[in-house]
Amino acid sequence: QDRICAAIEEVDGKGKFDREAYTRGEKPGGGVARVLTNGNVFEKAGVNLSVVYSEMPQEALKAATERGVDRVGVKLEPGQKVPFFACGLSSVMHP
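Residues numbered from 1 in each chain as written. Predicted model: local features only at pLDDT ≥ 70, side-chain atom pairs only at ≥ 80, totals over all residues. Heavy atoms only, no water.

Engineer: Talk me through the pattern of salt bridges; I want residue IDs and the actual numbers.
Structural biologist: Per the counting criterion, the structure on display carries one salt bridge. Residue R34 pairs with D2 through a salt bridge whose shortest N-O separation is 2.8 Å. Within this pair, whereas R34 is found in strand β2 (residues 27-37), its partner D2 is found in helix α1 (residues 2-12), the two being separated by 32 residues in sequence. With a relative accessible area of 9%, R34 lands in the buried category. (Salt bridge = Lys/Arg side-chain N within 4 Å of Asp/Glu carboxyl O. Helix = DSSP H or I, 4+ residues; strand = E, 2+ residues; numbered from the N terminus. Buried < 20%, exposed > 50% of the residue type's maximum accessible area, 1.4 Å probe, protein only.)

Put into structure tokens, the structure is as follows:
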């Protein structure tokens, strides 16, 4: 995220990214929102990183992967939730 923002700032020549970290409240995870406004090239640009930790039903994992619950690496009891981690990096730019 930092390298992407630095490259966009270099191309733009004027705008600088603000940085705002956030959490998901009581839930684990969070992220960092970066926004550039009123640049020479970009009216507005955003580069955001988010991280989520949670649990899903075994059926959801089975539907999402060929390996299903075997992917977890441990024996799960019927009805036991599957822990997961997900992260995303998004970028939107408006010249």
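Engineer: Describe in detail the sheet that holds strand β3 (residues 44-56), supporting the description with residues and values.
Structural biologist: In space, the four strands of this open sheet follow the order β1-β2-β3-β4, with antiparallel pairing throughout. Looking along the sheet, the strands with just one partner apiece sit at the ends: β1 (17-24) and β4 (82-94). Between one strand axis and the next, the sheet turns through 10° on average, direction left out of account. Judged from the eight bridges that link them, β1 and β2 form a sheet pairing that is antiparallel. From the neighbouring strand, D18 faces β2, where its bridge partner is V35. (Pairing = 2+ DSSP bridges. Axes fitted to C-alpha atoms, helices over the stretch in contact; angles between N-to-C directions.)

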